[in-house]
There are 2 protein chains.
Amino acid sequence: MAVDGLFNGGDKRSFSTIPECIDAVAADEIQIGVVPLENAIEGTVHLTIDYLIHQVRLPIVAEIVVPIKQHLLVRKDFTGTLEDIEQIHSHSHAIAQCHQYIHKNMPNAGIHFESSTGRAAEVVAASSANIAAIGNHLAAKTYDLNIYEESIHDYANNHTRFAVLSKRTEPISVTLPEEAYKTSLMITLPSDYAGALHQVLSAFAWRKMNLSKIESRPMKTGLGNYFFIIDVNQPYDHVLFPGVQAEMEALGCKVEILGTYPTYHVNPS
Amino acid sequence: MAVDGLFNGGDKRSFSTIPECIDAVAADEIQIGVVPLENAIEGTVHLTIDYLIHQVRLPIVAEIVVPIKQHLLVRKDFTGTLEDIEQIHSHSHAIAQCHQYIHKNMPNAGIHFESSTGRAAEVVAASSANIAAIGNHLAAKTYDLNIYEESIHDYANNHTRFAVLSKRTEPISVTLPEEAYKTSLMITLPSDYAGALHQVLSAFAWRKMNLSKIESRPMKTGLGNYFFIIDVNQPYDHVLFPGVQAEMEALGCKVEILGTYPTYHVNPS
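Every value quoted in this text rests on a predicted model; they were computed, and no experiment measured them.

Structural notes on the environment of Leu 258 of chain B
Moving on, step 1. Examined against the element boundaries, Leu 258 of chain B turns out to sit in strand S12 (residues 254-265).
Moving on, step 2. Those residues in contact with Leu 258 of chain B, other than ones at most four positions away along the chain, are Arg 57, Leu 58, Pro 59, Ile 60, Ser 184, Leu 185, Met 186 and Ile 229 of chain B.

Laid out in C-alpha cells, this is it:
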C-alpha cells in the first residue's frame, strides 16, 4: 500500500525480510527499497534501524506514513451475523489492535494466530466454515473477501511509517504532495553519564530546531552503551546542522546523518 | 523463560495476547502479569506501553531482562549437514535476526514463516523431511528437538525486557539478585514546541539523575502530539522526584509515574 501510494507504476519486487530488501538496494539489484520504520503491525522498527546502522548504511531519501486500518473480512458467501463467526484468524498484533472490538462483539470466537494478515485472509478464503480474518482492504481484494465491518481497530490514530532507501542522488519521482521535511541523525554519546543527552539537546534547543522524535537505543556492543535517533523537523542546511555537529563533536559525541528527506502521507481507501 | 527465571514455582497461566494478560491482572484473575516491554522478538513494545497508558493503568513492579539466543533446531533423527536442510521455519523476526547466518551457511534453503518460533519447532517435530526451525532452547525442549548449532543470531548483545505488573503493594517474592533499580515516567508536553524536551531534561540533569532510556511516542489523539517515556536509573524518592515533578508541572507538562522497580537478569542455559 505504501509503495503503490507513493510510486505510480514501475517494476515492483517483494522481499521476505527487511534485511533482504536492504541488501538488494545495497547490491544494486533494486534502485529503491521501502522498509517499515515505526509502529508497524509486525513491530519491525528496531530491526530496520539496527540493520541500517550496523550492517548496511543507506541513506533515507523519503518517508511514507500510512494509517493502520483493520477490517473484519469474511467470504463473499457468508450470510450470517457476528455471533455466527466461530473463529478469527490474523497476525497476533492485528488481533491485539482489535482486542476491545473482539472482546465486546465476539467474545466466544476462537482466536487463531497466523504469520501475517495476508495469510489469515488466504486461510479464510480457502475455508468453508464460518470464520473471519482481520486485515486491510488489500488483503480483502487479493483474496476476494467481503469487508464485513470496516475499521474495527481500537485506536483511531495509528500509523505505520516507512523509510524509502536509495543510493541515487537525484530526487525520486513520486505522485503525492510533500507534507513535511525531516532530517534524521544518529548520535552516539561518549559514555553513559548524567546529563549527556541534555547537553546534546541544548545544541538543538538554542537554535530553535524542533524535534519530532527522539529514541535511545542500546548499542550492540553490550548493555549500558546507548545511541540516539533524533528526527529534526527541517531539511539539512549548511549553517544550523554543521553548527550542531561541531558542538556535539566538541562534547565527544559522534554524529551521523541518516538522511534528509520529504514525508508523504498515503490515504488508503 | 522470563517467568521461570524470576519466579520459583507458583501457578502459571499463559495468555494469547498482551492485552488479555493485562486485563487479567486488572480483573484480579491473576496476581502478577509478565508482558514484553522492549526489543522482543515479536516487536511488541508499543502495544504494551500503549495498552498500559491508554486502556488499563497498572504499576510496573519489576523488570526482567532476558538475552535473546536463537538456535538451529532439527529432529533427533536428523543425521545430515547444513547443506541437506531444505527448509527453515520460524517467526519472521527470528529469521531476520539470523539473516547473515542463513545467507552464509544455507543460502538455498527455503524460508517458511510461522506465527511463532514455538509453532516452527512444532512443524519441524511433526515433519519427516530435512527441515529445521530457529528458536530458543525452550522450544527445543518442548518439541524434543536437537540443537544443531547454538546461537546463530547475528548480534551478540540482544535482549528482551519484560515488565512485571501487579496491583499488590507488598514486594514480590523472587529467586534472583536485584541488578539495578529504575523509575519509569510518562511525560506529556503541553504542545509540540522547540526545546520543550530540552527543558524537561534540565530538571533531571542539574540533579545529576541518570536516564537509561528515553523515547518519544505519538499520542493516539493525532499526529503531532507526543508523550515521552523516560527511565531514570534510581528508585523513586521523596526529594528529587517530587522536585522534578513540580518543575515539570510549572512548565505545563503532565507527569505520571509508571513504576519504580528492581531489574533482574535471567540467564537461560
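Quick notes on the packing of helix H8 (residues 196-205) of chain A against helix H9 (residues 240-250) of chain A
Residues and elements named next belong to chain A.
Moving on, step 1. Packing of H8 against H9 leaves a shortest axis separation of 9 Å and a crossing angle of 160 degrees. One finds that H8 runs roughly antiparallel with respect to H9. Like other packed secondary-structure pairs, H8 and H9 cross with a definite hand, here right-handed. Across from Val 200, Ala 203 and Phe 204 in H8, the residues of H9 making contact are Val 244, Glu 247 and Met 248.
Moving on, step 2. Residue composition of the contact of H8 with H9, by class: 5 nonpolar, no polar and 1 charged.

Quick notes on the pairing of strand S2 (residues 60-67) of chain B
All names here are of chain B.
Moving on, step 1. Of all the 8 residues making up S2, 8 are buried; the element is thus mostly covered by neighbouring parts of the structure.
Moving on, step 2. In terms of strand pairing, S2 meets strand S8 (residues 159-166) through 7 bridges, oriented antiparallel. Following the sheet pairing, Pro 67 is matched in S8 by His 159.
Moving on, step 3. Where S2 meets S12, 3 bridges bridge the pair, whose relative direction is parallel. Bridging from a neighbouring strand, Glu 63 pairs with Thr 263 of S12.

Let's talk about the packing of H8 of chain A against helix H8 (residues 196-205) of chain B
Moving on, step 1. The contact between H8 of chain A and H8 of chain B brings their axes to 9 Å, and the two run at 150 degrees. With respect to their mutual orientation, H8 of chain A and H8 of chain B come out roughly antiparallel. Between H8 of chain A and H8 of chain B the crossing geometry is left-handed. Contacts between H8 of chain A and H8 of chain B involve Leu 197, His 198, Leu 201, Ser 202 and Ala 205 of chain A on the former and, on the latter, Leu 197, His 198, Leu 201, Ser 202 and Ala 205 of chain B.
Moving on, step 2. Its residues placed into classes, the contact of H8 of chain A with H8 of chain B shows 6 nonpolar, 4 polar and no charged.

Structural notes on helix H2 (residues 18-26) of chain A
Moving on, step 1. Looking at H2 of chain A, one finds that the buried residues are Ile 18, Pro 19, Cys 21, Ile 22, Ala 24 and Val 25 of chain A.
Moving on, step 2. At the exit of H2 of chain A stands Asp 28 of chain A, carrying a positive phi of roughly 60 degrees.

Observations concerning the packing of aromatic side chains
Moving on, step 1. Applying the stated rule across the entire model yields 4 aromatic pairs over all chains.
Moving on, step 2. Centre to centre, the rings of Tyr 236 of chain B and Phe 241 of chain B are 5.1 Å apart; their planes meet at 25 degrees, and the pair counts as stacked.

Considerations on the sheet that holds strand S7 (residues 145-149) of chain B
Residue and element names in this part refer to chain B.
Moving on, step 1. Spatially, S5-S4-S6-S3-S7 is the arrangement adopted by the 5 strands of the open sheet, whose pairing is mixed. Both outer strands of the open sheet, strand S5 (110-113) and S7, are each paired with one neighbouring strand and no more. Each strand axis lies, on average, 35 degrees off the axis of its neighbour in the sheet, ignoring direction.
Moving on, step 2. The sheet contact formed by strand S3 (residues 71-75) and S7 spans 4 bridges and is antiparallel. By the bridge assignment for S7, Arg 75 is matched with Leu 145.
Moving on, step 3. Helix H6 (residues 117-126) rests against S3, strand S4 (87-90), strand S6 (131-135) and S7 of the sheet, and its axis sits at about 155 degrees to S6.

Brief notes about the domain arrangement of chain A
Moving on, step 1. By domain assignment, chain A separates into domain 1 (2-67 + 159-265) and domain 2 (71-149).
Moving on, step 2. Look at where the C-alpha atoms of domain 1 of chain A and domain 2 of chain A centre, and you get two points 34 Å apart.

Remarks on the sheet that holds strand S7 (residues 145-149) of chain A
Residue and element names in this part refer to chain A.
Moving on, step 1. Reading across the sheet, the 5 strands line up as S5-S4-S6-S3-S7 and stay open at both edges, with mixed pairing between neighbours. Strands at the two margins of the open sheet, each flanked by one partner only, are strand S5 (110-113) and S7. Strand-to-strand twist across the sheet, computed as the mean angle between neighbouring axes with direction ignored, equals 35 degrees.
Moving on, step 2. Bridging between strand S4 (residues 87-90) and strand S6 (residues 131-135) involves 3 bridges; their strand directions are parallel.

Conventions and cut-offs
Residues numbered from 1 in each chain as written. Chains lettered and ligands numbered in written order. Predicted model: local features only at pLDDT ≥ 70, side-chain atom pairs only at ≥ 80, totals over all residues. Heavy atoms only, no water. Helix = DSSP H or I, 4+ residues; strand = E, 2+ residues; numbered from the N terminus. Contact = heavy atoms within 4.5 Å. Axes fitted to C-alpha atoms, helices over the stretch in contact; angles between N-to-C directions. Parallel < 35°, antiparallel > 145°, perpendicular 65-115°, else oblique. Left-handed = near helix turned anticlockwise from the far one by under 90°. Nonpolar A, V, L, I, M, F, W, Y, C, P; charged D, E, K, R; others polar. Buried < 20%, exposed > 50% of the residue type's maximum accessible area, 1.4 Å probe, protein only. Pairing = 2+ DSSP bridges. Phe/Tyr/Trp six-rings, centres within 6.5 Å; stacked < 30°, edge-to-face > 60°. Domains from an automatic or database assignment.

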